[in-house]
Amino acid sequence: MRAVPGALLFLTMLQGTSPQDDGQWTMPGKNYAATRYSGLAQITVANAPRLKPVWSFSTGTLGGHEGQPLVVGSTMYVVTPFPNVLYAFDLTREGYPLKWKYRPEVNPTALGIACCDAINRGAVYADGKIIYNVLDGHTVAVDAASGREVWKTQIGDMQQGETTPMAPFVAGNRVIVGPSGGEFGIYGWVKGLDVATGKILWTAHNMGPDSLMLARSGRGHYVGDPNIGVSTWEGDSWRRGGAPVWGWISYDPQLDLIYFGTGNPGPYNTEQRPGENKWTNSVLARRPGDGSLVWAYQFTPHDSWDFDSNAEMILVDLVVEGRMRKVLVHFDKNGFAYTIDRVTGELLVAEPFANVTWAKGINKRTGLPMLDTTKTTGASRGNVKGICPSLEGGKSPASPSAYSPRTGWFYTATNNLCMNFEAAPVTRIPGTPYIGATTPYMPGPGGNMGEFIAWDAARGRKVWGIKEKFPVWSGSVVTAGDVVFFGTLDGWFKAADAKTGRQLWKFKVGSGVVGAPISFRGPDGKQYIAVYAGIGGDWFLLSGDVRSDDPADVRPPADFAPDLARHTSQGGIVWIFGL
């Protein structure tokens, strides 16, 4: 549904942009609302077919190039996967030469602990600093002009299985950070650091007693009992229950609330953790100043399928059932797209955007899924077959969506995979995997394993889709020229008409795209699109032999995508495209 015209000015204020886009990209989602919408309009549906590469750069690093570059003033900043090198490029000079390079000290032991490739999801600019996480549990701040390290703070504990590939977020004078480690049975948390010094000012856990969660009972639309982060677990299983925060964060400055998702509970064998396991697989709304919990909503209680909820929470104002609402929109791994009142946490819309077999729908009154009990898992249930989506998700949280206030629609990558799931008992040893399941995948129905779609979040329906042979794992950006950009695992970067889904242009970028494109205005006044090429993340593990610098790397490809490695190898390239 289109945003009503009278709300457009307010909407642009909420999204952190003025009606005239400043042409920069200073935070992961472009603005506080995480819309990944660019107000630049030089690239249009008419001229997008004439796009061409104008610059590329090898980062010198193989691995999953997730995240996105930043553009601040006339400088582009790029963060690599491990060893997390930060580059600064001068956009005012021919060839965009390197201004400086910052090499952090990163403990290589982190490579053996990171769950799913040694990726990095990017940086944020604030207070004259480029702030980002390095894999071994540290946050660093680097002077944006000189490349000098300003501060470095340890936030994670690798001995417990915590690594830190997520992109930090800055709200006011707080740097918000969280860990990966749901597959290691960590005790999930989010922290607020001082932007000037890096000092940890508060730590809020995502389950456990209210005192450790920085919570008051009775908050939010579906919250009532005190210490619900303990009572929904058996014994002290919450202490090793996961709920990592490795995805994206958004912020409503008027409500003074940050919004973020939590990941899966540990272990995968549900019989070792009876109860709803709050607040795993949830969205939490907190005050950035002190971390206090205002409300929470759980997408998948007592998660049986590894349906992390770390995907972005996009903040917009939409007319839902005839009433203008302040909402957040979230595409969950569980295959449902949610439209939620971001003031109270009340569920407004929940409809499947992907093929779903584990649930028959979502009860809008209670917010609970209506389960197909033949698809619930646990060690005593043996091999449960035909669960859709797979644990890669109906959409990967690593693939951030975009929203256009011009169309009122959301644009997102999706996956069409199903799985079998056989759980087994497992014992936690700190710093080692705490999983307990075998989960082979297979393609879902329809002959395509992925699709890029436009979604109407007010009505809960797909508007159009572009089917892809392989799962779609990239983020997206949509522009005021009504052009939306995304990439594919087999190495294409594509542009489509945001209104119709008609493909306008594509270019082979040399490696699969698992990062998110950005749009910016160069010092020459022209609009450009930038993106990383470099397959990785889960797809480094699944696509087979894509690493040619290691003669011992002869991994077979996954059965469901045996030919993906024919189209891509690992890479590490920054591309810029223009007219």
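Note that this is a predicted model, so its numbers are computed, not measured. (Residues numbered from 1 in each chain as written. Predicted model: local features only at pLDDT ≥ 70, side-chain atom pairs only at ≥ 80, totals over all residues. Heavy atoms only, no water.)

**Q** Go over the overall build of the protein with me, naming the residues and quoting the values.
**A** When its secondary structure is counted, the protein shows four helices and 39 strands. Going through the 579 residues of the protein one by one, you find that 65% of them count as buried. Contacts spanning at least 24 positions in sequence make up 60% of the contacts within the protein whose residues lie at least 6 apart. Accessible surface computed for the protein: about 18,900 Å², of which carbon and sulfur atoms make up 51%. (Helix = DSSP H or I, 4+ residues; strand = E, 2+ residues; numbered from the N terminus. Buried < 20%, exposed > 50% of the residue type's maximum accessible area, 1.4 Å probe, protein only. Contact = heavy atoms within 4.5 Å. Areas by Shrake-Rupley, 256 points an atom, 1.4 Å probe, with all protein chains shown as cover.)

**Q** Hey, could you go over the sheet that holds strand E3 (residues 70-72) for me, with residue numbers and the actual values?
**A** Taken together, four strands build an open sheet; the order of strands is E3-E4-E5-E6 and the sheet is antiparallel. With partners counted over all chains shown, the strands left at the sheet margins are E3 and strand E6 (98-102), one partner each. Pairs of neighbouring strands in the sheet enclose a mean axial angle of 20°, with direction left out of account. Sheet topology note: the strand E4 (residues 75-79)/strand E5 (residues 86-90) ladder contains five bridges and is antiparallel. If you follow Tyr-77 over to E5, its bridge partner there is Ala-88. (Pairing = 2+ DSSP bridges. Axes fitted to C-alpha atoms, helices over the stretch in contact; angles between N-to-C directions.)

**Q** With reference to specific residues and values, describe the environment of Gln-24.
**A** By the element assignment, Gln-24 lies in the loop between helix H1 (8-14) and strand E1 (37-38). A sequence separation of 51 residues divides Gln-24 from Thr-75, and the C-alpha atoms of the two residues are 9.5 Å apart. From its side chain, Gln-24 meets the backbone nitrogen of Gly-73 in a polar contact 2.5 Å long. (Polar contact = N/O pair within 3.5 Å; in protein donor to acceptor, adjacent residues only side chain to side chain.)

**Q** Run through the environment of Ile-258, naming residues and quoting values.
**A** Positionally, Ile-258 belongs in strand E16 (residues 257-261). Sequence separation between Ile-258 and Val-294 is 36 residues; the distance between their C-alpha atoms is 9.8 Å. Ignoring anything within four residues of it in the chain, the contact list for Ile-258 reads Ala-171, Ile-176, Ile-249, Ser-250, Tyr-251, Leu-284, Ala-285, Arg-286 and Pro-288.

**Q** Break down the packing of aromatic side chains for me, citing the residues and quoting the values.
**A** Within the structure shown, the criterion is met by 36 aromatic pairs. Between Tyr-77 and Trp-100, the ring centres sit 6.0 Å apart and the planes meet at 50°, which makes this aromatic pair tilted. Of the two residues, Tyr-77 sits in strand E4 while Trp-100 sits in strand E6, which places them 23 residues apart along the sequence. Note on accessibility: Tyr-77 and Trp-100 belong to one class, buried. Judged by centre distance (6.3 Å) and plane angle (40°), the rings of Phe-452 and Trp-464 are tilted. Placement of Phe-452 in strand E31 (residues 450-456) and of Trp-464 in strand E32 (residues 461-468) is noted, with a sequence separation of twelve residues between them. Classification of Trp-464 as buried rests on a relative accessible area of 8%. Put simply, the rings of Tyr-297, Phe-299, Trp-305, Phe-307, Phe-336, Tyr-338 and Trp-358 touch in pairs and so form one group of aromatic residues. In this structure, Arg-36 is placed above the aromatic ring of Trp-248, and the distance from its NZ or CZ to the ring centre is 5.0 Å. (Phe/Tyr/Trp six-rings, centres within 6.5 Å; stacked < 30°, edge-to-face > 60°. Lys NZ or Arg CZ within 6 Å of the ring centre and 35° of its normal.)

**Q** Describe the sheet that holds strand E13 (residues 189-194), listing the residues and the values that go with them.
**A** Read from one edge of the open sheet, four strands run E11-E12-E13-E14, paired in antiparallel fashion. For this open sheet the edge positions go to strand E11 (169-171) and strand E14 (200-205), each flanked by a neighbour on one side alone. Neighbouring strand axes in the sheet, compared pairwise and without regard to direction, differ in orientation by 25° on average.

**Q** Which residues make up the confidence of the model for the protein, and what values do they have?
**A** For any part of a model where pLDDT is low, the fine detail of the predicted coordinates should not be relied upon. Taken residue by residue, the protein gives an average pLDDT of 92. The fraction at 70 or more is 94%. Counted against residues more than four places away or in other chains, residues 1-18, with its pLDDT under 50, gives 48 contacts. (pLDDT = per-residue confidence, 0-100.)

**Q** Residues and numbers for unusual backbone geometry, please.
**A** With an omega of -5°, the peptide bond between Gly-266 and Pro-267 qualifies as cis. Secondary-structure assignment places Pro-267 in the loop between E16 and strand E17 (282-286). Pro-389 follows Cys-388 through a cis peptide bond whose omega is -5°. In this structure, Asn-227 takes a positive phi of about 55° despite not being glycine. On the secondary structure map, Asn-227 appears in the loop between helix H2 (210-213) and helix H3 (228-231). The residue Asp-256 is not glycine, and still its phi comes out positive at about 55°. Along the chain, the position of Asp-256 falls in the loop between strand E15 (249-252) and E16.

**Q** Let's hear about the nonpolar core: which residues, and what values?
**A** The biggest cluster of nonpolar side chains holds 59 residues, and the ones touching the most others in it are Met-76, Tyr-77, Leu-86, Tyr-132, Phe-485 and Phe-520. Excluding its chain neighbours within four sequence positions, the residues that come into contact with Leu-86 are Tyr-77, Val-78, Val-79, Trp-100, Lys-101, Tyr-102, Ile-130, Tyr-132 and Val-142. The next biggest cluster of nonpolar side chains, apart from the first, holds 44 residues, and it includes Leu-391, Leu-417, Ile-535 and Ala-558. (Core = buried A, V, L, I, M, F, W, Y, C linked by side-chain atoms within 4.5 Å.)

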